Amino acid sequence: MAVILGIETSCDETAAAVVTHEGEIRSSIVSSQAALHAKYGGVVPEVASRRHLELVTPVIREALAGASATLDDVDTVAVTAGPGLIGALLVGVSAAKALAWARRLRLVSVDHLHGHVASLYLRPIDLEPPFTCLLASGGHTLLLDVRDRAWEGVSVLGTTLDDAAGEAFDKGARLLGLPYPGGSALDRLARDGDPEAYSFPVARVPGLDFSFSGLKTSLLYAVRDLPPTELDARRADLAASYERAIVRALVDRVEATGAGRVAIVGGVAANSELRASLPDAVAAPLQLCTDNAAMIASAARYAQALDSPAYLTLDAYASAA
Ligand code: KG4
Ligand code: ZN
């Protein structure tokens, strides 16, 4: 068995996965640090790096064990090199280099965003380009024209001018008193609310770009204007209306592309209202929407592998080149 070992440490998930070259997931381990960062209301980069250092080896061990594999079965190491938190990325990149160097394996440097798109190339979905892809996560909101499985075959049609969609969910959740990261908690709370109760406007920007920063201000005012005794009773309505505004903005732009084949990936693609609003779109499986290493190993199948020792000079990058 020759398999790919994927490693992902770009933000606050320490993840490792074993994936075959045909795109079958043998194991995927994600250790979330969310609880560690919750008390700060967001990811603290230095805390994340230190936790990645502690977790990266046990998580890799668990991924190998879960796949009933050993390092003898691995022929390729795939690692997220960016974009993300630089200290966090360096932990994964260093671990990948050390493993590849010790075992004389090939190493593939993967762009995190390519990884999210490549979550669609794993079995059983195995989606074939061309398609239009909405990538919505905590750090990015991108509308992509995917012509090829290689990252070079993907171009950006639109992006956010300010906050990412996931960031809008997280900031809204915080205003509603939900713990960090609030996206999935807001999703759950919204199911009990009336999405028409409040009208939260989303800025209309030209072309296929997005803007979410004004939205959280309208929620802030709505929350502030409510007597504290009423806030609790209206939280679900506020959540549902706020979620509706974000989802409408995303769906509007997707529809404006006129694309016949649409796919959605990234943490926000786990949102139930978004999934329901795009019933014909191919959505990444829930466990592959939020950060994981299976998608990184998947992307490595369509990227250039570096041979030993060329990868020793590989560096991490914080933002998209
Ligand atoms: O892709 P991801 O794990 O990390 C980044 O690459 O940023 O996305 C995380 C984001 C967070 O903002 C989180 O709140 C959001 O995805 N998210 C959701 C849901 N699940 C995760 N947002 C809305 N509804 C959800 N069900
Ligand atoms: Zn991500």
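This report concerns the structure included in the present document. (Residues numbered from 1 in each chain as written. Chains lettered and ligands numbered in written order. Predicted model: local features only at pLDDT ≥ 70, side-chain atom pairs only at ≥ 80, totals over all residues. Heavy atoms only, no water.)

Side note on helix 5 (residues 165-175)
Turning to helix 5, its buried residues number three or more, namely Ala 165, Gly 166, Ala 168, Phe 169, Gly 172 and Ala 173. Along the axis of helix 5, the buried residues cluster in a sector spanning 155°; they form a single face. Contact partners of the buried residues in helix 5: strand 6 (131-136), strand 7 (141-146), helix 6 (183-190), helix 7 (213-225) and helix 8 (228-256). In the segment just after helix 5, Gly 177 is the residue with positive phi, at about 80°. (Buried < 20%, exposed > 50% of the residue type's maximum accessible area, 1.4 Å probe, protein only. Helix = DSSP H or I, 4+ residues; strand = E, 2+ residues; numbered from the N terminus. Arc of directions from axis to C-beta. Contact = heavy atoms within 4.5 Å.)

Some remarks on the packing of helix 2 (residues 45-66) against helix 3 (residues 86-103)
Contact geometry of helix 2 with helix 3 gives a least axis separation of 9 Å together with a crossing angle of 35°. In this structure, helix 2 meets helix 3 at a crossing whose hand is right-handed. In this structure, helix 2 uses Ser 49, His 52, Leu 53, Val 56 and Ile 60 to contact helix 3, whose residues at the interface are Gly 87, Ala 88, Val 91, Ala 95 and Leu 99. For the contact of helix 2 with helix 3, the residue count by class is seven nonpolar, three polar and no charged. (Axes fitted to C-alpha atoms, helices over the stretch in contact; angles between N-to-C directions. Left-handed = near helix turned anticlockwise from the far one by under 90°. Nonpolar A, V, L, I, M, F, W, Y, C, P; charged D, E, K, R; others polar.)

Looking at the coordination of the zinc ion (ligand 2)
Those protein atoms acting as donors to the zinc ion (ligand 2) are His 112 (NE2), His 116 (NE2) and Asp 291 (OD), and they sit at 2.0 to 2.1 Å. Metal-centred angles of 97 to 133° between the four donor atoms at the zinc ion (ligand 2) mark the site as tetrahedral. Spacing between the donor residues of the zinc ion (ligand 2) along the chain follows H-x3-H-x174-D. Of this pair, His 112 and His 116 both sit in helix 4 (residues 112-118), four residues apart, which is roughly one turn of the helix. Its relative accessible area of 5% is what places His 112 among the buried residues. (Donors = N, O, S within 2.8 Å, 3.2 Å for Na, K, Ca; no water. Tetrahedral: all angles 85-135°; square planar, octahedral: opposite > 155°, others 65-115°.)

Some thoughts on the site of ligand 1
The full set close to ligand 1 counts 18 residues, and Gly 138, Asp 170, Asp 187, Asn 271 and Asp 291 are the nearest of them. His 112 is positioned with one of its side-chain polar atoms (N or O) 3.2 Å from an oxygen atom of ligand 1. At a separation of 2.8 Å, an oxygen atom of ligand 1 approaches a polar backbone atom of Gly 138. Taken by itself ligand 1 offers 550 Å² of open surface, and the protein chains cover 89% of this. The cavity where ligand 1 resides is the largest pocket. (Near = heavy atom within 4 Å. Polar contact = N/O pair within 3.5 Å; in protein donor to acceptor, adjacent residues only side chain to side chain. Areas by Shrake-Rupley, 256 points an atom, 1.4 Å probe, with all protein chains shown as cover. 1 Å grid on protein atoms, 1.4 Å probe; cavity = no way out; pocket = protein on both sides within 12 Å on 5 of 7 lines; lining within 4 Å. Sits in = over half its atoms within 2 Å of the grid points.)

With respect to the sheet that holds strand 2 (residues 13-20)
To summarise the sheet geometry, strands pair through backbone hydrogen bonds and adopt either a parallel or an antiparallel arrangement. Strands sit in the order 3-2-1-4-5 across an open sheet of five strands; the sheet is mixed. Pairing within the sheet leaves two strands with one partner each, and these edge strands are strand 3 (25-32) and strand 5 (106-111). For this sheet the average axis-to-axis angle between neighbouring strands, irrespective of direction, equals 15°. Taken together, the five bridges between strand 1 (residues 3-8) and strand 4 (residues 74-82) define a ladder with parallel strand orientation. What sits directly across from Val 3, in strand 4, is Val 74. On top of the sheet, helix 2 reaches strand 1, strand 2, strand 3 and strand 4; it is set at about 25° to strand 2, its chief contact. Packing of helix 3 onto the sheet brings it into contact with strand 1, strand 4 and strand 5, and relative to strand 4 it is tilted by some 160°. (Pairing = 2+ DSSP bridges.)

What to know about the pairing of strand 6
Taken across its six residues, strand 6 has six buried, putting it largely inside the fold. Here strand 6 shows no split at all, with Phe 131, Cys 133 and Leu 135 on one side and Thr 132, Leu 134 and Ala 136 on the other all buried. Bridging between strand 6 and strand 7 involves six bridges; their strand directions are antiparallel. Considered in strand 7, the bridge of Ala 136 is made with Thr 141. Where strand 6 folds back onto strand 7 in an antiparallel hairpin, the turn is made up of four residues.

Honestly, that's just the spatial picture; any functional story needs more than this.
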